[in-house]
Amino acid sequence: SPGNELKLEGRKLIVNTLRVGYEEDGSWRVFGLRHDFHPAAKVQREDDITASVVAPASALTGLSTLNSQPSTGTASPSLKFVENCEALLFQRPDDAIHRGYDKQAEADMAAPGTFISNYEPLTAADARALIEDAVGFSAYTEPMQRLIRASASGTPPAYFVSSAHPRIVDGKPTKNPRYLQVRPDVANPRATALAALGQRLHRRLAPGAPLHTPVDIVVPGRRNNPPEPGVRPLCVFNPIHYLELPELFMEFISSMTGKSPSTTGAGSEGALTKGPFNALPPVIDLNATLVGLILTGHDVFVSAAGCVGPKVRVDHDVSLLIPEVFSRMTAAERSAKALLEQGCLERCTDLDHDGKPVLSSRLGYRITSRFVRIYFARVFTHPHVVFTDEMLRPELQDMAIFAEGMDTMVTTHKRVAESYFADGGIHYACPPLRALLTIMAKGEYEGHGLDAPEVRALFTREAMLGSTWYRERLDAKQKSEISLWEHHVKTLEAILDEPVYKDVVTRMALKPRLAHTKEELTRVQSPAYRASLHGTLGSQPL
């Protein structure tokens with residue numbers, strides 16, 4: 001019979017659950033969480049535009065013991081730091097249509113001064129109708145309830161927005177609701193300060209000492225889609241894949257994405273491929289990204305969004321779950337080498353379907369049921385049922401769609417790589433990228449395929465640090481710094497030589513500035529400065 005609580009020996013049993021995707025009929029796939037599970041505190045600090053730098057670890061002090069190579073436990077030779085360039089985050093709160101489900105979105109949208117797009121403008125009469133629906137109204141969180149009560153009184157403003165009521169387009173709710181969210185680390189400065197203080201105490205750092213917080217894991221997400229009219233399938237990934245650098249950069253180069261609910265198509269997209277964001281050829285950014293990943297030595301894992309195979313829709317449920325899993329793994333456990341030795345990763349191999357090759361080796365390595373049993377067990381009570389064999393091996397859902405999805409990837413790799421030959425970007429590519437672009441476009445490089453040891457050796461740290469092209473990047477960086485400081489010296493000396501600028505010279509203390517500038521010029525001209533660049537990105541020699 002229906003009930004609302006369960007007791008065992010007089011003790012109430014409480015079960016927390018988490019949605020991980022949908023059944024084919026649209027119902028939720030819901031699984032029980034461990035009784036000792038508490039969600040990780042995840043603070044989003046960036047969205048689309050980020051500044052980053054790579055610095056040699058030898059130049060830094062006060063680092064955490066977490067900043068080490070997972071496979072060896074030794075300090076990483078170089079560390080990457082990122083900083084957000086945006087004050088607001090452009091959010092699409094898809095799940096806010098379910099009242100009370102997205103508590104953060106409801107709190108943000110109920111706050112005054114929020115920029116909101118694609119939501120229905122509601123009136124006082126609409127607010128009173130929402131309140132009269134007592135059950136539906138009670139599902140809202142308190143901030144949204146307060147907003148609706150205030151709007152029901154009829155006092156200005158004349159319109160308000162409910163998080164559960166996107167704008168109606170062509171008779172149905174739009175799939176592209178948006179709002180601008182104040183960055184959580186800015187909106188809650190006390191929590192941000194406490195997090196920094198906790199790290200200081202743990203590392204025993206003085207209050208005035210710099211607190212370095214480098215990147216310690218790289219887990220990009222990718223969107224997948226099943227076949228739709230006019231849209232080819234891209235649903236060949238299971239929830240987590242480990243990609244070595246050649247396969248990873250095929251992904252980065254193509255910037256490939258499945259169809260999003262908020263867009264009209266799929267294919268190669270993303271900021272890297274959009275000219276208005278960057279006037280430089282995109283290969284310049286790819287060179288720097290590759291150098292940074294080789295220097296920092298991160299094992300990169302790719303997580304799935306949208307769907308896992310053609311029959312299992314997951315939206316962003318997996319994307320939100322991955323941080324919970326990786327935050328409960330040590331650096332040693334996150335080592336791809338260790339995971340391979342444990343049988344937690346399996347290599348994707350090329351297949352044949354209907355007499356045609358399926359180049360599924362470009363998917364790298366994917367998690368196995370053993371990974372799920374060991375590491376997802378830190379979140380779920382019965383992890384083995386969360387990801388079925390058909391989700392871990394999407395080809396089991398439909399081999400024909402899997403083969404077509406791989407063809408979508410390979411043809412996109414070829415098409416995008418050919419554009420680097422057409423626009424001349426190939427001439428600026430560093431040797432590893434030049435080899436990879438050639439293989440993507442033409443199938444081989446100097447007679448070697450993607451699996452050739454000669455090709456894969458180009459992506460090792462030893463090969464890069466000993467290469468001429470990396471030394472040229474460091475030389476180019478020193479030359480640009482010398483040119484910059486020579487320009488500063490020349491400009492200041494020109495001002496000091498003009499009597500008309502006498503007051504400016506005194507007021508802005510330009511003579512001490514000139515002395516400092518000359519010291520900096522001497523510093524960047526020195527062999528010591530050139531040596532200090534070892535382990536940095538350097539600069540693109542043009």
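Refer to the structure above for everything that follows.
Quick caveat: nothing in here was measured; it's all calculated off a predicted structure. (Residues numbered from 1 in each chain as written. Predicted model: local features only at pLDDT ≥ 70, side-chain atom pairs only at ≥ 80, totals over all residues. Heavy atoms only, no water.)

## What about the overall build of the protein chain?
Reasoning step 1: Scanning the protein chain for helices and strands turns up 20 helices and 21 strands.
Reasoning step 2: With the C-alpha coordinates aligned to their principal axes, the bounding extent of the protein chain is approximately 90 × 70 × 55 Å.
Reasoning step 3: Of the contacts made within the protein chain by residues no fewer than 6 positions apart, 71% connect residues no fewer than 24 positions apart.
Reasoning step 4: Carbon and sulfur atoms make up 56% of the accessible area of the protein chain, which totals about 28700 Å². (Helix = DSSP H or I, 4+ residues; strand = E, 2+ residues; numbered from the N terminus. Contact = heavy atoms within 4.5 Å. Areas by Shrake-Rupley, 256 points an atom, 1.4 Å probe, with all protein chains shown as cover.)

## Quick notes on the environment of Gly221
Reasoning step 1: Its location among the elements puts Gly221 in strand β12 (residues 221-223).
Reasoning step 2: Its relative accessible area of 60% is what places Gly221 among the exposed residues.
Reasoning step 3: Residues Gly221 and Pro121 lie 100 residues apart in sequence; the distance between their C-alpha atoms is 33 Å. (Buried < 20%, exposed > 50% of the residue type's maximum accessible area, 1.4 Å probe, protein only.)

## A short note on the sheet that holds strand β8 (residues 116-117)
Reasoning step 1: Here we have three strands laid out as an open sheet, ordered β7-β11-β8, and antiparallel in their pairing. With partners counted over all chains shown, the strands left at the sheet margins are β7 (88-91) and β8, one partner each.
Reasoning step 2: Sheet topology note: the β8/strand β11 (residues 178-182) ladder contains two bridges and is antiparallel. Residue pairing across strands places Ile116 opposite Tyr179, the latter belonging to β11.
Reasoning step 3: Each of β8 and β11 touches helix α1 (residues 103-110); the most contacted strand, β11, lies at about 85° to it. (Pairing = 2+ DSSP bridges. Axes fitted to C-alpha atoms, helices over the stretch in contact; angles between N-to-C directions.)

## As for the nonpolar core
Reasoning step 1: Core analysis: the biggest nonpolar cluster contains 51 residues, and Leu245, Leu248, Phe249, Ile253, Leu290, Leu433 and Leu436 have the highest contact counts within it.
Reasoning step 2: When residues in this core are grouped by element, the largest group, eight residues, is from helix α8 (residues 282-296).
Reasoning step 3: Excluding residues within four positions of it along the chain, Leu245 makes contact with Leu290, Leu293, Ile294 and Phe459.
Reasoning step 4: One finds Ala304, Ile322, Leu339 and Phe371 within the second-largest nonpolar core, a separate group that totals 33 residues. (Core = buried A, V, L, I, M, F, W, Y, C linked by side-chain atoms within 4.5 Å.)

## Details of helix α9 (residues 317-326)
Reasoning step 1: Counting buried positions along α9 gives seven out of 10 residues, so the element sits mostly inside the fold.
Reasoning step 2: Along α9, the positions that sit buried rather than exposed are Asp317, Val318, Leu321, Ile322, Glu324, Val325 and Phe326.
Reasoning step 3: Those residues of α9 hidden inside the fold are in contact with β3 (17-22), β13 (240-243), β16 (300-307), β17 (313-315) and α11 (369-375).

## Structural notes on the packing of α8 against helix α17 (residues 468-496)
How two helices pack is summed up by the angle between their axes together with the distance between the axes.
Reasoning step 1: At a minimum axis distance of 13 Å, the contact between α8 and α17 shows a crossing angle of 110°. Between α8 and α17, the angle falls in the class roughly perpendicular. Residues Asn287, Ala288, Val291 and Leu295 of α8 pack against Trp469, Tyr470 and Arg473 of α17.
Reasoning step 2: Residues of the contact of α8 with α17, tallied by class, amount to five nonpolar, one polar and one charged. (Parallel < 35°, antiparallel > 145°, perpendicular 65-115°, else oblique. Nonpolar A, V, L, I, M, F, W, Y, C, P; charged D, E, K, R; others polar.)

## Observations regarding unusual backbone geometry
Reasoning step 1: The omega angle of the peptide bond from Pro156 to Pro157 is 5°, so this bond is cis rather than trans.
Reasoning step 2: Topologically, Pro157 is positioned in the loop between α4 (142-152) and β9 (168-169).
Reasoning step 3: A positive phi angle, near 45°, is found at Ser255, a position not held by glycine.
Reasoning step 4: Not every positive phi belongs to a glycine, and Ala509 is a case in point at roughly 50°.
Reasoning step 5: Mapped onto the secondary structure, Ala509 falls in the loop between α18 (502-507) and α19 (510-525).

## Comments concerning the pattern of salt bridges
Reasoning step 1: A complete count under the given rule lists 26 salt bridges for this structure.
Reasoning step 2: Across the pair Asp185 and Arg183 runs a salt bridge, and its minimum N-O distance is 2.7 Å.
Reasoning step 3: Between Glu244 and Arg456 there is a salt bridge whose closest N-O contact spans 2.7 Å. A residue pair is termed long-range when its members are at least 10 positions apart, and Glu244 in the loop between β13 and α7 (245-254) and Arg456 in helix α15 (residues 453-456) qualify at 212 residues. (Salt bridge = Lys/Arg side-chain N within 4 Å of Asp/Glu carboxyl O.)

## Topic: α7
Reasoning step 1: Counting buried positions along α7 yields nine of 10 residues, so the element is predominantly enclosed.
Reasoning step 2: Along α7, the residues classified as buried are Leu245, Pro246, Glu247, Leu248, Phe249, Met250, Glu251, Ile253 and Ser254.
Reasoning step 3: Once α7 ends, the next one or two residues include Ser255, with phi positive near 45°.

## Concerning a nonpolar patch on the surface
Reasoning step 1: Together, Leu6, Leu8 and Leu13 make up a nonpolar patch on the protein surface, roughly 290 Å² of accessible area in all.
Reasoning step 2: Relative to the assigned elements, Leu8 resides in strand β1 (residues 6-8). (Patch = residues over 30% accessible without salt bridge, like charges linked within 9 Å, V, L, I, M, F, W, Y side chains within 5 Å.)

## Let's talk about the packing of helix α2 (residues 124-132) against α4
Reasoning step 1: At a minimum axis separation of 7 Å, α2 and α4 run at an interaxial angle of 125°. Our classification of the angle between α2 and α4 gives oblique. The chirality of how α2 crosses α4 is left-handed. Between α2 and α4, the contacting residues are Ala124, Ala127, Arg128, Leu130 and Ile131 on the first element and Ile148, Arg149, Ser151 and Ala152 on the second.
Reasoning step 2: The class makeup of the residues in the contact of α2 with α4 is six nonpolar, one polar and two charged. (Left-handed = near helix turned anticlockwise from the far one by under 90°.)

## Details of the side chain of Gln540
Reasoning step 1: Structurally, Gln540 can be placed in the segment after α20 (527-532).
Reasoning step 2: Residue classification places Gln540 among the buried residues on the basis of a relative accessible area of 15%.
Reasoning step 3: A distance of 2.9 Å separates polar atoms of two side chains, one belonging to Gln540 and the other to Asn287.
Reasoning step 4: Contacts of Gln540, omitting those with residues within four sequence positions, involve Ile284, Asn287, Tyr428, Arg473 and Ala476. (Polar contact = N/O pair within 3.5 Å; in protein donor to acceptor, adjacent residues only side chain to side chain.)

It is worth stressing that arrangement in space is one thing and function is another; only the former is reported here.
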